[in-house]
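Residues per chain, in single letters:
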Amino acid sequence: MKIERLLGIVLVICSFTQAQEKSRPNVVFIISDQHKLEATGAYGSRLAITPHIDALAQSGVLFTNCYTPAPVCAPARAALITGMYPYANGAIYHKAPVTMPNGKVKNIGSGYLRETGYHEGIVTLGEVFKEQGYITGAPGKMHVHGELQRDVDEDHKAGNTMGFDEVSVRYYTYFPRGHYEDEVGKDTYMRYRQFQKYSTVYKGGAMHLNQEYVPTLVENDEDNFDMVVARKSVEFIDKRAEDGKSFFLHVGFEKPHAPFTTTQTYLDRYNPKAFELPQTYDDWYNKGKYPWVPNWVHSGIPNNLDKAQNVMAAYHACITEMDDMVGRVIKALKDRGLYENTIIIYTTDHGEHLFEHGLRGKHNMYEDAVNVPFIISYPKLFKQNTVNNSLISFVDIMPTLADLIDGKTPATAQGISLVGTLKNGTELKDRPVFSEFRGADYTLLPKIKNVPSRMMRHGDYKFIYTHGIIDQLYNLKDDPDELNNLIFSKDHQDLYQHMRFQTLADWRFQEYAPMKVSLDRNTLVWETSSDFADYAVFYSATGQVKDATILADEIVDTFYTLSKKGSYWLMARPKLSKTSKFYGDAIPVAVDRYSHILPVSDGIKL
């Protein structure tokens, strides 16, 4: 009797566990690389062939204002995985500067050293799912500083899986035994990337923009990166259909990132002559290079219409290839009876200018670089074919998914759950979202590397701070092309000061420090500096940055007397002296002496 009773209890537990597995939603998170929002049918393109992403939008919620935390791959992806902005998780670099034993600084890619990654102790998105008993898989591109294969870093021999059970087809990350090259062989890997012995076949090598409209060098179509990732994703889905385990699948596609080459089949689906240059393509040709954009991002290709059309068509062909692979993954879910209980997300790590403003790539804060497609589909819970204009960020993904699986959102997460918004269709407008970047090769700061910049979007307005370079403020509703810098508008000075402070107040990161201030009884005191023109004082009764308001500005003294209890901050206006063709000789746009001091202090309490 005891044995029969025990067997009965075991059967009940097993039945409960199986029922729980079936009731919990699976999650398939699909992320591509460098997908321009407007190059998608669902986002209004009349040329982009993206039927599978479009179908996903029809079955789900399409967001029009999703902002990447960084307009460059590695920091954006680390922010997604940690639920934290780059400055907060510590993974601020695309390639991290590391001082070598010989004293020289070398820029290190992801997968080599744990020290270049996100801070120790941060719970990742994969780990949130693992804590709830999910099987986790991540085929394809991850490109996160912090992920580490076993026995690569002598100081971290155990490696760091970031919470993923099954990993394969890594790319841009050093990952022995789990790399794309391990799947297809070295020759095919070199052909796909167009580097090493194939670097001179097409002009530009690994960053070939395909001005000639030629196909990939990969000999077998199914050996192209995204095809391999789709195959591995389908294999993972098949295994979960067999074992019945709840799962989280992170699918990392690489297209439409350069090189803009794909198979002839996809090139044949487009006519380059159908593409037109954007209205802003010649903006910097007429005005001069943008002071806040790296030199190399400015493109001369639009001067040759035929070549520019080939590039635009080739880029769209790469998108269609990737879209087909999205279709393969979704078809596998349907074929295996898993679709109805699976949350599907599609997004990309950052955008692509594709000659907007005469630029290509990303690496700045214009909308084409930072505003990215984001679609989530789960018809059993969310309304279908819905467009939502909320301001959202990648840092919202972790708390949203944790909420949907009844998991725990880590205390370190900086975003908010979007589940309420997804369920009832409300729109979140009165919240700030941010993006940040470290760049080099600025015309007026030619020798400075890793120049930091940060963007704040709030309501219709966007503010951009670039260290050592003139600020930017745009009304995106009235000026969607971001051509009218409102920092010169008298009517926008209060807003300008407010957004500048909100952007800078809590932004702290490697190699840069805030201004030093001290309190002498009830007087705020600071040292004089030739780097700053004048100062402003901000005050918050609650001690919260978000509640701070300006008390005084255009202060030229080095002290300010305080009159009430609360928290205070000092903010400075850098002394700009260098001029540019863009604004002419009358308007200084950059500092003469570069400093690693941020123009804001820490808060000080009275």
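Cut-off values and rules
Residues numbered from 1 in each chain as written. Predicted model: local features only at pLDDT ≥ 70, side-chain atom pairs only at ≥ 80, totals over all residues. Heavy atoms only, no water. Helix = DSSP H or I, 4+ residues; strand = E, 2+ residues; numbered from the N terminus. Buried < 20%, exposed > 50% of the residue type's maximum accessible area, 1.4 Å probe, protein only. Contact = heavy atoms within 4.5 Å. Salt bridge = Lys/Arg side-chain N within 4 Å of Asp/Glu carboxyl O. Polar contact = N/O pair within 3.5 Å; in protein donor to acceptor, adjacent residues only side chain to side chain. Expected span 1.5 Å × (residues − 1). Core = buried A, V, L, I, M, F, W, Y, C linked by side-chain atoms within 4.5 Å. pLDDT = per-residue confidence, 0-100. Pairing = 2+ DSSP bridges. Axes fitted to C-alpha atoms, helices over the stretch in contact; angles between N-to-C directions. Parallel < 35°, antiparallel > 145°, perpendicular 65-115°, else oblique. Nonpolar A, V, L, I, M, F, W, Y, C, P; charged D, E, K, R; others polar. Phe/Tyr/Trp six-rings, centres within 6.5 Å; stacked < 30°, edge-to-face > 60°. Lys NZ or Arg CZ within 6 Å of the ring centre and 35° of its normal.

Chemist: Looking at this structure, how should I read the environment of Glu511?
Modeler: Inspection of the secondary structure assignment puts Glu511 in the loop between α15 (493–504) and β15 (513–515). By relative accessible area, which is 52% here, Glu511 ends up exposed. Note: C-alpha distance between Glu511 and His596 (85 residues apart in sequence) is 7.0 Å. Beyond its immediate sequence surroundings of up to four residues, Glu511 is in contact with Tyr93, Pro97 and His596.

Chemist: Mind showing me how you'd approach the pattern of salt bridges here?
Modeler: Between side chains of opposite charge, a pair can form when the charged atoms approach closely. Considering all chains together, one arrives at 36 salt bridges under this definition. Across the pair Arg438 and Glu436 runs a salt bridge whose closest N-O atoms are separated by 2.6 Å. A relative accessible area of 10% places Arg438 in the buried class. Arg500 is the partner of Asp471 in a salt bridge, and the nearest nitrogen-oxygen pair spans 2.9 Å. Of this pair, Asp471 sits in strand β14 (residues 469–475) while Arg500 sits in helix α15, and the two are 29 residues apart along the sequence. In this structure, a network of salt bridges that share partners links the residues Asp33, Arg77, Lys141 and Asp349.

Chemist: When you look at the side chain of Asn65 in this model, what are you seeing that I'm missing?
Modeler: Examined against the element boundaries, Asn65 turns out to sit in strand β2 (residues 61–67). What makes Asn65 buried here is its relative accessible area of 13%. Only 3.0 Å separates the side chain of Asn65 from the backbone oxygen of Asn389, close enough to count as a polar contact. A distance of 3.4 Å separates polar atoms of two side chains, one belonging to Asn65 and the other to Arg457. Excluding its chain neighbours within four sequence positions, the residues that come into contact with Asn65 are Asn371, Asn389, Ser390, Leu391, Ile392 and Arg457.

Chemist: Help me understand helix α8 (residues 225–243), please; the structure alone is not making it clear to me.
Modeler: For an α-helix, 3.6 residues make a turn, and residues three or four places apart therefore share a direction. In this model, α8 (19 residues) spans 28 Å end to end at C-alpha, consistent with the 27 Å of a helix rising 1.5 Å per residue. Two residues or fewer after α8 comes Gly244, characterised by a positive phi angle close to 75°.

Chemist: Could you clarify how one ought to interpret the nonpolar core in this entry?
Modeler: Within soluble globular proteins, side chains that are nonpolar generally end up buried alongside one another. By size, the foremost hydrophobic cluster in this structure holds 105 residues, and its most contacted members are Phe129, Tyr290, Trp292, Phe374, Ile376, Leu401 and Phe501. Among the elements that line this core, the one with the most residues is helix α13 (residues 397–404), at five residues. Apart from the residues lying within four places of it in its own chain, the contact partners of Tyr290 are Asp283, Trp284, His298, His357, Leu359, Tyr366 and Phe582. Formed by 66 residues, the second largest nonpolar core is a distinct cluster that contains Leu209, Leu217, Leu338 and Tyr339.

Chemist: Honestly, the confidence of the model for the protein chain in this entry has me stumped. Any pointers?
Modeler: Residues shown with low pLDDT carry predicted positions that ought not to be read at fine detail. Taken as a whole, the protein chain shows an average pLDDT of 95; of its residues, 96% reach a score of 70 or greater. Taken as a whole, residues 9–17 scores under 50 in pLDDT and shows zero contacts with residues more than four places along the chain or in a different chain.

Chemist: Is there a simple way to think about the sheet that holds strand β20 (residues 559–561) in this case?
Modeler: What links the strands of a sheet is backbone hydrogen bonding, and the strands pair in either a parallel or an antiparallel sense. Spatial strand order, β16-β17-β20: three strands in an open sheet with antiparallel pairing. One side of each edge strand has no neighbouring strand; the edge strands of this open sheet are β16 (517–520) and β20. Each strand axis lies, on average, 20° off the axis of its neighbour in the sheet, ignoring direction. Here strand β17 (residues 523–526) pairs with β20 via three bridges, running antiparallel. Within the sheet, the bridge partner assigned to Val525 lies in β20 and is Phe559.

Chemist: Just to check I follow, could you spell out the packing of helix α2 (residues 51–58) against helix α11 (residues 305–335) for this structure?
Modeler: Two measures define how a pair of helices packs: the angle their axes make with one another and the distance between the axes. Two elements in contact, α2 and α11, have axes whose closest approach is 7 Å; the angle formed by their N-to-C orientations is 55°. When the interaxial angle is binned, α2 and α11 end up oblique. Contacts between α2 and α11 involve Pro51, His52, Ile53 and Leu56 on the former and, on the latter, Met322, Asp323, Asp324, Val326, Gly327 and Ile330. For the contact of α2 with α11, the residue count by class is six nonpolar, two polar and two charged.

Chemist: Explain the pairing of β16 here, please?
Modeler: The side chains of a regular strand alternate between both faces of the sheet. Pairing between β16 and β17: four bridges, direction antiparallel. Of the residues in β17, the one forming a bridge with Val517 is Trp526.

Chemist: Would you explain the packing of aromatic side chains in this entry?
Modeler: Using the criterion set out here, one finds 38 aromatic pairs in the structure. Relative to Phe582, the ring of Tyr290 lies with its centre 5.3 Å away and its plane at 55°, an arrangement referred to as tilted. A residue pair is termed long-range when its members are at least 10 positions apart, and Tyr290 in the loop between α10 (283–287) and α11 and Phe582 in the loop between β22 (576–578) and β23 (590–591) qualify at 292 residues. Take Tyr290 and Phe582: they sit in the same class, and that class is buried. Seen from their ring centres, Phe463 and Tyr496 are 6.0 Å apart, and the 40° between their planes marks the pair as tilted. Of this pair, Phe463 sits in strand β13 (residues 461–466) while Tyr496 sits in helix α15, and the two are 33 residues apart along the sequence. Residue Phe463 is classed as buried on the basis of its relative accessible area of 0%. Each residue in the set Tyr171, Tyr172, Tyr180, Tyr189, Tyr192, Phe195 and Phe225 is aromatic and connected to the rest through ring pairs, giving one cluster. Between Arg438 and the ring centre of Phe509, over which it is positioned, the NZ or CZ distance is 4.5 Å.

Chemist: Would you explain the side chain of Thr347 in this entry?
Modeler: In this structure, Thr347 sits in strand β8 (residues 342–348). Using a relative accessible area of 0% as the deciding quantity, one classes Thr347 as buried. If we ignore the near neighbours within four places in the chain, the residues touching Thr347 are Phe29, Ile30, Ile31, Ser32, Val372, Pro373, Phe374 and Phe394.

Chemist: Please clarify how the sheet that holds strand β5 (residues 135–139) should be interpreted in this entry.
Modeler: Spatially, the eight strands line up as an open sheet ordered β6-β5-β7-β1-β8-β9-β2-β10, and their pairing is mixed. Each edge of the sheet is formed by a strand with only one pairing partner; in this case those strands are β6 (166–168) and β10 (386–393). Averaged over all neighbouring strand pairs, the angle between strand axes comes to 15°, with direction disregarded. With four bridges joining them, β8 and strand β9 (residues 371–377) adopt antiparallel strand pairing. By the bridge assignment, Thr347 is partnered in β9 with Phe374.

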